[in-house]
Amino acid sequence: MGKKKSVVLMVLLTIVIVALCALVAFPAFPIPNSPDSWNPVALQYDLGADLGGGYYAYCYPEGVISETEYNADEAALKEAIAAAESEKDKAKAQEEYDEYVESYAAYKGLYLSTDEELGIYADGAPTAEFKTNFASTAELIAKRYDEKGYSDYRVAVVDDFSLRVELPKSEVNVGSILTAMSLTGDMSIETGGAVVDELKAEGAKASDLIKSVSVATRYKTAYLKIKFTDAGEEMIERVKDTLSEASSTTDSSSATTLDIKIGGETITQIYKDSIMDNNREARVLAVDQVNKAYVKTFEILLDSVLETEGADSVTFRSLSSADIRTFEPVYGDNVLTLLYIALAIVIVALIVAPIVSMGRYGAVGAYGTLSYFVVTTLCFAFITGGTFEITLGSVLVFLAGLILVNVLHAHVYGAIKKEFDLGKTVESSVKGGFKKTLWGIVDIYAVLLLASLALLLATGGLHTMALQAIICVVTGAFCNLLWLRAINYTLLSASKNKFKYFRFVREDDDDE
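Since we're looking at a predicted model, the values are computed, not measured.

S.K.: Break down the overall build of the protein for me, citing the residues and quoting the values.
M.R.: Counting its secondary structure elements, the protein contains 14 helices and 21 strands. Here the C-alpha radius of gyration of the protein, 32 Å, is well above what a compact globule of 512 residues would show, namely 24 Å. Referenced to the eigenvectors of the C-alpha coordinate spread, the extents of the protein come out at roughly 120 × 60 × 55 Å. Here the protein holds 512 residues, and the buried ones make up 43% of them. In the protein, 71% of the contacts between residues at least 6 apart in sequence involve partners at least 24 apart. Here the protein displays about 27,000 Å² of accessible surface, and carbon together with sulfur accounts for 56% of that area. Seen as two clouds, the 45 positive and the 68 negative side-chain charges of the protein have centres 17 Å apart.

And the structure:
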């Protein structure tokens, strides 16, 4: 390649890389004379709980309350006794207090109902049946969150009989998610407030009518697709003419719909015009495609209930907005600022150090560092869907890949220098150095890629980290095996002094 062409190409490449770096990391600022503002790609990420904080809630089964709730109720009843003006009122308040105290038994940080009908506590201890049912239900709920695909979440059993669920702050539908995921019990299908005739028979289940539930998209809309069995199609045919049409309904409270309920809670309503394909399926919960993850929640819930119908489980109390609390980032409020500063220092160091130690060949490494930075950050932001949070693990994977790119680049430099020290020309040394390091670099990235692919079998955070690692490994391999070699060829073609380019010095042998 000629010198002029090389110079022009490198100028254009530099402009593109600088522009992309600005797109990724230039600080946010308000746009003059506009309500909008500039936000870099780095601010578009959904952050995990360790970096961005999150939400948490405690889920209690019916008949189980926290020590805090018990103490508050007990204090209120004592105040009622003290405030009673007559002996009769005082005796009544005292009776209510005694009944309340006797109706619960302390257990660790909880209070368990002693009501025999609930079957939670008997003979001074939680019943074996309740223990078994709670354990299986807790496992079921944790599995639902796994299927949701969160890269950062936590479902923990607290004091044996309550659940603490944590979600990252990036989740915008936290209330509906927490409520839906904790719903248990059998599924019922009702119309006009009564269960459909097909489910009134002994042993009848909703799975006899519903074949499958899935999320589908059409014309930038995501919706829940409910497919019916043959018996379900007959049921739809029987009730369809009694249903209202959503397109002509202004007041949903007065509409007649086919309601799918779990534990008495309505999950979705089927209108007449929601039924498609000759009664074979219904399309409900239609939202914009960007909110597909919201619909996914109800697919997981309905599938889970259909699979476990008839199994014993515990029923959790409904959550209110007051039950959902927030927590700060695990590593403190300033973690993001410190992280950005640390990343900037590392990137600058990886740009400057190679130039100082390897001359213009080190500048090739600088282009590699910036290219890796741009490609991985853009991929993290735009090629992944669903719930894909950036955590401290994500940052460490990114840094490991970036350092590896520079280490292998320096390794190639060492191989080129060895070839040059044997008396070869610069061009021959470059070819020999690249050739001798090629398969070693291929082996390293092949092993890393296989390890990353193996982690895809995991769930939650490990699965997401595997996806992020694959992005970093593929980008790093591209940089070391193709991109840096192409840049080196272009820069070397534009260089007059090939020795100075590599900081090589040819030693003359004066031995006679």
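S.K.: Provide a residue-level description of the sheet that holds strand β16 (residues 258-262), including the pertinent values.
M.R.: Strand order in the open sheet formed by 4 strands is β13-β12-β16-β17, and the pairing between neighbours is antiparallel. Two strands in the sheet have a free side with no partner beyond their single neighbour: β13 (194-195) and β17 (265-270). Two elements, strand β12 (residues 187-191) and β16, share 5 bridges in a ladder whose sense is antiparallel. Paired with E190 across the strands is D259, a residue of β16. Set on the sheet, helix α8 (residues 292-308) makes contact with β12, β16 and β17; between it and β16 the angle comes to about 75 degrees.

S.K.: Let's hear about the nonpolar core: which residues, and what values?
M.R.: Y361 and F502 are the most contacted members of the largest nonpolar core, which has 53 residues in total. Of all elements in the fold, only α1 (3-25), α9 (335-358), α10 (360-382), α11 (392-421), α12 (426-455), α13 (460-493) and α14 (498-502) reach the threshold of two or more residues within this core. Looking at this core, the element that brings in the most residues is α11, giving 11 residues. Look past the residues within four positions of F502 in its chain and what remains in contact with it is M358, Y361, Y413, I416, V426, V430, N488 and L492.

S.K.: Account for the side chain of T369, naming residues and giving values.
M.R.: Structurally, T369 is set in helix α10. Of note is the side chain of T369, whose polar atom sits 3.2 Å from the side chain of N406. Each residue touching T369, except ones within four places of it in the same chain, is listed here: I347, L350, I351, L402 and N406.

S.K.: Pulling in residues and values, what's your account of the pattern of salt bridges?
M.R.: For the coordinates displayed, the defined rule picks out 15 salt bridges. For K200, the salt bridge identified is with D197, shortest N-O distance 3.4 Å. You can call K200 exposed: its relative accessible area is 56%. Classification of D197 by relative accessible area gives partly exposed; the value is 47%. One salt bridge in this structure joins D277 and R280, with 3.4 Å as the shortest N-O distance. Residue classification places D277 among the partly exposed residues on the basis of a relative accessible area of 43%.

S.K.: Give me the sheet that holds strand β15 (residues 221-228): which residues, what numbers.
M.R.: Spatial strand order, β14-β15-β19-β18: 4 strands in an open sheet with antiparallel pairing. Each of the sheet's edge strands pairs with one partner strand only, and the pair in question is β14 (210-218) and β18 (275-276). As defined by bridge partners, β15 adjoins strand β19 (residues 281-288) across 6 bridges and the pair is classed as antiparallel. Opposite L224, over in β19, you have V284 as the bridge partner. Set on the sheet, α8 makes contact with β14, β15 and β19; between it and β14 the angle comes to about 170 degrees.

S.K.: Help me get a handle on a negative patch on the surface, residues and values and all.
M.R.: A cluster of like negative charges, contributed by E95, E96, D98, E99 and E102, occupies part of the molecular surface. As for its placement among the helices and strands, D98 is situated in helix α4 (residues 87-102). Judged by relative accessible area, D98 falls into the partly exposed class, the value being 32%.

S.K.: Run through the domain arrangement of the protein, naming residues and quoting values.
M.R.: For the protein, the assigned domains read domain 1 (3-48 + 330-511), domain 2 (54-166) and domain 3 (187-309). Taken over C-alpha atoms, the centre of domain 1 sits 54 Å from the centre of domain 2.

S.K.: Pulling in residues and values, what's your account of the packing of α10 against α11?
M.R.: Describing two packed helices takes the angle between their axes plus the distance from one axis to the other. For the pair α10 and α11, the least separation of the axes is 10 Å and the interaxial angle reads 155 degrees. Looking at the two axes, α10 sits roughly antiparallel to α11. Crossing geometry of α10 relative to α11 is assigned as right-handed. Across from Y361, V364, G365, T369, Y372, F373 and T376 in α10, the residues of α11 making contact are V397, F398, G401, L402, V405, N406, H409, V412, Y413 and I416. The residue makeup of the contact of α10 with α11, split by class, is 11 nonpolar, 6 polar and no charged.

S.K.: Residues and numbers for unusual backbone geometry, please.
M.R.: Its identity as a non-glycine residue notwithstanding, D123 has a phi of 55 degrees, on the positive side. Its location among the elements puts D123 in the loop between β8 (121-122) and β9 (125-126). With relative accessibility at 84%, the residue D123 sits in the exposed group. A positive phi angle, close to 75 degrees, is found at D160, a residue other than glycine. Following the sequence through the fold, D160 ends up in the loop between β10 (154-158) and β11 (162-168).

S.K.: Just give me the short version of the environment of L370, but keep the residues and values in it.
M.R.: Tracing the chain through its elements places L370 in helix α10. Relative accessible area serves as the criterion here: at 23%, L370 is assigned to the partly exposed category. Considered as a pair, L370 and V18 are 352 residues apart in the sequence and their alpha carbons are 8.5 Å apart. Once you skip the residues sitting within four places of it in the chain, L370 turns out to touch I17, C21 and I351.

S.K.: How would you explain the state of the cysteines if you had to name every residue and give the values?
M.R.: Enumeration over the complete set of coordinates arrives at 0 disulfides. With no disulfide of its own, C379 lies closest to C472 among cysteine sulfurs, the gap being 9.2 Å. The class of C379 is buried, set by a relative accessible area of 18%.

Quick notes on the rules
- Residues numbered from 1 in each chain as written.
- Predicted model: local features only at pLDDT ≥ 70, side-chain atom pairs only at ≥ 80, totals over all residues.
- Heavy atoms only, no water.
- Helix = DSSP H or I, 4+ residues; strand = E, 2+ residues; numbered from the N terminus.
- Rg over C-alpha atoms; globule rule 2.2 N^0.38 Å.
- Buried < 20%, exposed > 50% of the residue type's maximum accessible area, 1.4 Å probe, protein only.
- Contact = heavy atoms within 4.5 Å.
- Areas by Shrake-Rupley, 256 points an atom, 1.4 Å probe, with all protein chains shown as cover.
- Lys, Arg positive; Asp, Glu negative; His and termini not counted.
- Charge placed at Lys NZ, Arg CZ, Asp CG, Glu CD.
- Pairing = 2+ DSSP bridges.
- Axes fitted to C-alpha atoms, helices over the stretch in contact; angles between N-to-C directions.
- Core = buried A, V, L, I, M, F, W, Y, C linked by side-chain atoms within 4.5 Å.
- Polar contact = N/O pair within 3.5 Å; in protein donor to acceptor, adjacent residues only side chain to side chain.
- Salt bridge = Lys/Arg side-chain N within 4 Å of Asp/Glu carboxyl O.
- Patch = residues over 30% accessible without salt bridge, like charges linked within 9 Å, V, L, I, M, F, W, Y side chains within 5 Å.
- Domains from an automatic or database assignment.
- Parallel < 35°, antiparallel > 145°, perpendicular 65-115°, else oblique.
- Left-handed = near helix turned anticlockwise from the far one by under 90°.
- Nonpolar A, V, L, I, M, F, W, Y, C, P; charged D, E, K, R; others polar.
- Disulfide = S-S within 2.5 Å.

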